[in-house]
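Read off the chains here:
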Amino acid sequence: MAAAADSTAGQNPKDAERHVFTAESDAEFSEEEYDEDGEEEYEEEEELDGPAAEAAERERVQSVLRRLSSNPVGIRVHDVIIKGNTKTRDELIEAEVAALLRAAPTVQDLLRAASVATARLHSLDVFDAVKITLDAGPPELPGTTNVVIEVVEAANPLTGTAGVYSKPEARSWSLEGSLKLKNLFGYGDIWDASGSFGWDQTTEVGVGVYLPRFKSIPTPLMARASLSSQDWLKFSSYKEHLLGLSFGLLSTRNHDLSYNLTWRTLTDPSHVSSKAIRRQLGHNLLSALKYIYKIDKRDSHLRPTKGYAFQSTSQVGGLWNSKGLRYFRQEFDVRGAVPLGFYNAALNVGVGAGVILPLGGGFMNSTLPVPERFYLGGNSSPVCSLGGLSSLLGFRLRGVGPTEARRHVLDKSESGSADPGRDYLGGDLAVSAFADLSFDLPLKIFRDAGIHGHAFLTAGNLAKLSEGEYKNFSASEFQRTFRSSAGVGIILPTKLFRVEVNYCHILKQAEHDSSKSGIQFSFSSPM
């Protein structure tokens, strides 16, 4: 008799586990009953039919369950059989789960391993359904089982997504879409093409491939090529064009290691950029190695009510000794959520910090690439944006931190008093923090739809350390000049993104900061 563990059948997991216990154990222990009672037991079972047979079956099932719940039952996996994979290669499935299943010493351990194996195969994103069945092993090998893995490959290998998002750093608002072609060569490979268009004149297109395993390499591999253009003329008087290659070298639940090679071009069509920006215009080759360590134990990304998360991002740039682009960049992000016990309220708090240091000759007297520095501002939700510095609500994107006056170029129609504005240069040291209190609204119609309210407080600051500025840094002055904002709002969560309608009030700002109190809208991706 077989035992099945099907994660896609929609049944209660405990019911599924109970079915597995019953069937597999019945197959294992029927031989012992046969040895003790012989043909007589078999004939007695033959005479039972109808309700009596059903009652006997239930009693046998309960007997097996009692035995499994009281003592471990030893078992050995004899064979792993794979069915249903017309395109996916057997070696991929075996590499993902075979060792896990064969290592189970008891029936109980094997059931747990089957559940983990099912989740692993689903995570490949190339199967519509996965079913693992435990059959009795060969009669001449008592105490063994054959594990049968049945998969249903995706009926449509081509999928696509589209959405509107608001994010910190590179984009303020953007329309993004992607297409994925799955399992083209049977290695679980996923080929994708993506594109985005931002209302701030940001465009990006990219193509890539992802392999969950390749040969004897146990971790996923990724390669991607991208072309992007970002217009920072309004904030920093330059346009940035990037042509890059990125390679994922290591990817696990908590670790991610990647290598990026980027040809970067900075231009100033306005011809009014400050001296700090003009020194960096032109072409540069950036070679960087990035490592991310991440733990996320929150119960939700869109509305966390309990748990914690931590992420550390380390990056070394200028591996090929590119002049002016050698640096070390480190970011930390830690946050947690605590339930408060009324109106489904929860308090989310988070702290982010980052520092970028020049490498090579001159060390702290050297300059740093402006695009790699830290920036604060934007309307993206700080609750969703795990990965670094949180948003500073109420302040414009790249609207905080050190600035420098732009070059004053007079036209014939302008007077000598015209203000050319200032370029935001970012910071080498950055700290941000937030507190967000979410709560249910009184009306049931809102609670049923997941619409809830929140009150928030955000704060942050930037400082320049490179080019000798570290000599003028003062911790007390850095603390005194922290920017801050507070407000309340309504949140409309969806499956794809989080919509916020907030009223934001600026509590503290510096002389050249770009900020505004009032109503603000935000569309935030949980990733």
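Preceding block: the structure.
Values in this document were obtained by computation on a predicted structure and should not be read as measured data. (Residues numbered from 1 in each chain as written. Predicted model: local features only at pLDDT ≥ 70, side-chain atom pairs only at ≥ 80, totals over all residues. Heavy atoms only, no water.)

**Section: the pairing of strand S20 (residues 483-493)**
1) Next: Here strand S19 (residues 452-463) runs beside S20; their pairing, made up of 9 bridges, is antiparallel. Residue Ala-459 lies in a different strand from S20, and its bridge partner there is Ser-484.
2) Next: As judged from the 10 bridges shared by S20 and strand S21 (residues 498-508), these two strands associate in the antiparallel manner. From the neighbouring strand, Gly-489 faces S21, where its bridge partner is Asn-502. (Pairing = 2+ DSSP bridges. Helix = DSSP H or I, 4+ residues; strand = E, 2+ residues; numbered from the N terminus.)

**With respect to the nonpolar core**
1) Next: Counting 26 residues, the largest nonpolar core has Leu-101, Leu-110, Leu-121, Phe-127, Ile-132, Val-147 and Ile-149 as its most contacted members.
2) Next: Counting residues per element, the ones that place at least two in this core are strand S2 (76-83), helix H3 (90-102), helix H4 (107-123), strand S3 (127-136) and strand S4 (144-153).
3) Next: Per-element accounting of this core gives the leading share, 7 residues, to H4.
4) Next: Setting aside residues no more than four positions away along its own chain, Leu-101 makes contact with Val-77, Leu-110, Ala-113, Ala-114, Ala-117, Val-147 and Ile-149.
5) Next: In this structure, Phe-374, Phe-395, Val-400 and Ile-506 belong to the second largest nonpolar core, which totals 14 residues. (Core = buried A, V, L, I, M, F, W, Y, C linked by side-chain atoms within 4.5 Å. Buried < 20%, exposed > 50% of the residue type's maximum accessible area, 1.4 Å probe, protein only. Contact = heavy atoms within 4.5 Å.)

**Focus on a negative patch on the surface**
1) Next: Taken together, the side chains of Asp-79, Asp-90, Glu-91 and Glu-94 present a region of like negative charge at the surface.
2) Next: With 3 residues, the top contributor of residues to the negative patch is H3.
3) Next: Following the sequence through the fold, Glu-94 ends up in helix H3. (Patch = residues over 30% accessible without salt bridge, like charges linked within 9 Å, V, L, I, M, F, W, Y side chains within 5 Å. Areas by Shrake-Rupley, 256 points an atom, 1.4 Å probe, with all protein chains shown as cover. Salt bridge = Lys/Arg side-chain N within 4 Å of Asp/Glu carboxyl O. Lys, Arg positive; Asp, Glu negative; His and termini not counted. Charge placed at Lys NZ, Arg CZ, Asp CG, Glu CD.)

**Some thoughts on H3**
1) Next: At Glu-96, H3 shows its strongest bend, of approximately 40°.
2) Next: Buried residues of H3: Leu-92, Ile-93, Glu-96, Val-97, Ala-98 and Leu-101, and no others.
3) Next: Residues of H3 that are buried make contact with S2, H4, S3 and S4. (Bend = angle between axes of the 7 residues up to and from the residue.)

**With respect to the pattern of salt bridges**
1) Next: Inspection of the entire model under this criterion finds 18 salt bridges.
2) Next: A salt bridge links Arg-264 to Glu-372; its shortest N-O distance comes to 2.5 Å. Within this pair, whereas Arg-264 is found in strand S11 (residues 255-267), its partner Glu-372 is found in the loop between strand S15 (346-358) and strand S16 (403-405), the two being separated by 108 residues in sequence.
3) Next: With relative accessibility at 6%, the residue Arg-264 sits in the buried group.
4) Next: Its relative accessible area of 11% is what places Glu-372 among the buried residues.
5) Next: The closest approach of N and O atoms between Asp-448 and Lys-444, which form a salt bridge, is 2.8 Å. Of the two residues, Asp-448 and Lys-444 both sit in helix H7 (residues 444-449), 4 residues apart, roughly one turn of that helix.

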